[in-house]
Structures are given as structure tokens and as C-alpha cells.
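# Summary of structural features
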Amino acid sequence: GGSADAINAAISAQGDQVRKLKTEKAGKPEVDEAVKKLLALKADYKAATGSDWKPGAAPAPSAAPASSSGGSGDALNLATAAQGDLVRKLKTEKAGKPEIDEAVKKLLALKAEYKAATGSDWKPGAAPAPPATPAGGSADALNLATAAQGDLVRKLKTEKAAKPEIDDAVKKLLALKAEYKAATGSDWKPGTAPSSSAAPAGGSGDALNLATAAQGDLVRKLKTEKAAKPEIDEAVKKLLALKAEYKAATGSDWKPGAAPAQVKQPSPKKEVVAGQKDGPGGELSAKVAAQGDLVRQLKTDKKPKEEIDMAVKQLLALKTEFKAATGSDWQPAGGPAKKPEKQKKAAKEVKPKEKVEQA
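Residues numbered from 1 in each chain as written. Predicted model: local features only at pLDDT ≥ 70, side-chain atom pairs only at ≥ 80, totals over all residues. Heavy atoms only, no water.

### A closer look at the nonpolar core
Core analysis: the biggest nonpolar cluster contains 19 residues, and Ile-7, Ile-11, Tyr-45 and Leu-76 have the highest contact counts within it. Looking at this core, the elements with two or more residues in it are helix H1 (2-23), helix H2 (28-49), helix H3 (69-92) and helix H4 (97-118). When residues no more than four places from it in sequence are discounted, the contact partners of Ile-11 are Leu-38, Leu-41, Lys-42, Tyr-45 and Trp-53. With 14 residues, the next largest nonpolar core counts Leu-142, Tyr-180, Leu-208 and Trp-254 among its residues. (Core = buried A, V, L, I, M, F, W, Y, C linked by side-chain atoms within 4.5 Å. Buried < 20%, exposed > 50% of the residue type's maximum accessible area, 1.4 Å probe, protein only. Helix = DSSP H or I, 4+ residues; strand = E, 2+ residues; numbered from the N terminus. Contact = heavy atoms within 4.5 Å.)

Spelled out as C-alpha cells, the structure:
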């Protein structure tokens, strides 16, 4: 139940933060952001324990066995980061010593719990040690999340946003890069198609949840600032692609603050028989289709060559991943378009057959 304990602690800390912001009449966006985090944590708690969070509740031991330290590490990482933010805020505002001491005590307890769960000291922006089986889906989602967060950081710098806002965005970006490296074993680079691995895992849903939330924040920001329509459209397009990917990975629509359902592991038999429809093939097929749509859209919009090339590179990587997972080339849902071509070639090679087919 380490995960539930950690989420419980995180919710308490986040709740304190929300109350504090309201008391101080902080700006609405700041309060909304804090409330959004609080609701996301409560959803996580319900997913982990099966019951709604109540103040002071000792969480019921979560159903998952103790070995699910990946989830626990993630929750503790979030909890520790939130508590650290609270401590810094209290110190900046010169809050009363007892209040600061209490917050520091909670922070130390969370760091100790993090070390117990992951075997390593907590560091700001550290992605917890990943569960044993990192997934291609997870790497894809982290790649998208990192790219989206990078866009946000650049946007904030261009607009000369407040330093704390930029620092916070940079911290999230570094955390995502660390998580990407943990999942794939290599540093994140712009436009990289992550190396795939065969089986999708729950991590994919978590990473897509983060990516979708980050992209949603960016879209709202662009709309608030009345950015140019093409820029908003591009961001919305990415958001819709992420939501489609999330649905393909988890089987349910994405909702703000939703703790993603674990991906259902398909049975090996189905995988072989159904090819494109079930298992990793289904998820990858959806990704290939979405990426293909994006490439066509970019070409239609006459986007810069670099942007199109990058999208095409990702499309080819996804098709390779699909072939590795299913053993066959990807075909559009409308039916295999390439077959007639192959039949013609075969017909030319074997002359008697050609006559039979024409007859």
C-alpha cells in the first residue's frame, strides 16, 4: 500500500496548497492549476484503493502487489515534489516557524518513503526507477510529452513570462527527459522516434495522460493569449492525436485528471490470429493511421520541409514497429491497397496464370 500512502500524503499537501492560495487570494490561473493537480491526485487515489479520498483517511491497502513499485515511485515522486514546492513557498512568504517545520517534516518523511520504494535518494525532477518492462508505447508517449513541454518552455521564454513559471516548466521538461532516458536507455533528442519494445504496458497510459494534460495546457494558453489561428490549430491537432492514442492504449476516453486504466495485456493467441485488430497491433495500427493523417495534413498545409520530414520519419518508425509486433506490413483500414499491384506483378511473371485470370 506504499503507493496509496504516498498519494494520500500528496493529496494532503496539495489540499494545503490550494487552501493557502485561496486564503491569499492568489490569481485564478494559479488556484485552478493547483485544484487540477488536487483532483488528478484524488483520481489516482481512487484508482489505487477503490475508494474516494477523505481527509485524514488511512488508505486501504491497494489491490496491487507490493512489487508494483513503479506506480509507488511515481506517486511518491509527485508527492515529494509538491511538498518541496510548498516548503519553498512558505519560506519565501516568511510563514511562521511551526508551519515551516511541519511542512519540512512531511517532506523528509516523503523522501524517506521514496528511498524505501525505489532504492535511491529523491532528487528534484528525478523520474522514479521504472517498472521492469518499459514499453514502446510509453516511449512514444514520453517522446510526445517531452516535445510538447519543450514547445511550452520556448513559448514562455519568447513571451518573457515570469521566471517562476519558466522554472516550473523547465523542471517538468527535465523530469520528462529523465523519464524518457529511463524508459529507452538513450537521451531524448527532438524528432526522435523512440526505440520500440514489443509489449505495451500501463506506463504507456500514464505517460499519455501526462502528455495529453500538458498539450491541453498549451492549447488553453494559446487561446487565452489569442495566438494566431494556425498555431492554435496545430496545437489542437496534436491534442486530438494524443487523445486518440490514449484511447487506443487504455480503451477509454481521456478526461482531465483521469488516472489511466491499466492497458489490457492481450493473449498471445489473439495477437497472432487478429493481427491488426487486437493486441499491440491494434494500438500501433491506430498510431500509424493517426501519423499518416498528420503527414497528409502537413503536406496539404504546405508546412516547412523539416516539419514534414520529421513527421514522415516518425511514420516510418511506427510502421517498422508495427511490422515487428505483428509480422506483417501495415495496411490502411479500408483494406490492403497494395495487393492488386502484387497480383499484377505475379501475373506478368507467370504467363499461364495471366490467361487463367483473364478468362
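### Quick word on helix H6 (residues 163-184)
Between its first and last C-alpha, H6 extends 31 Å over 22 residues, near the 32 Å set by a 1.5 Å rise per residue. Those residues of H6 that sit buried are Ile-166, Ala-169, Leu-173, Ala-175, Leu-176, Tyr-180, Ala-183 and Thr-184. (Expected span 1.5 Å × (residues − 1).)

### What about the confidence of the model for the chain?
Scored by pLDDT, the chain has a mean of 78; 74% of the residues are at 70 or more. Element-level mean pLDDT values for the chain span from 43 in helix H9 (residues 268-274) up to 91 in H2. Across residues 61-69 the pLDDT falls below 50, and counting only partners more than four positions away or on other chains, this stretch makes 5 contacts in the model. Considering only residues more than four positions removed or in separate chains, one finds that residues 130-135, a stretch of pLDDT under 50, has 9 contacts. (pLDDT = per-residue confidence, 0-100.)

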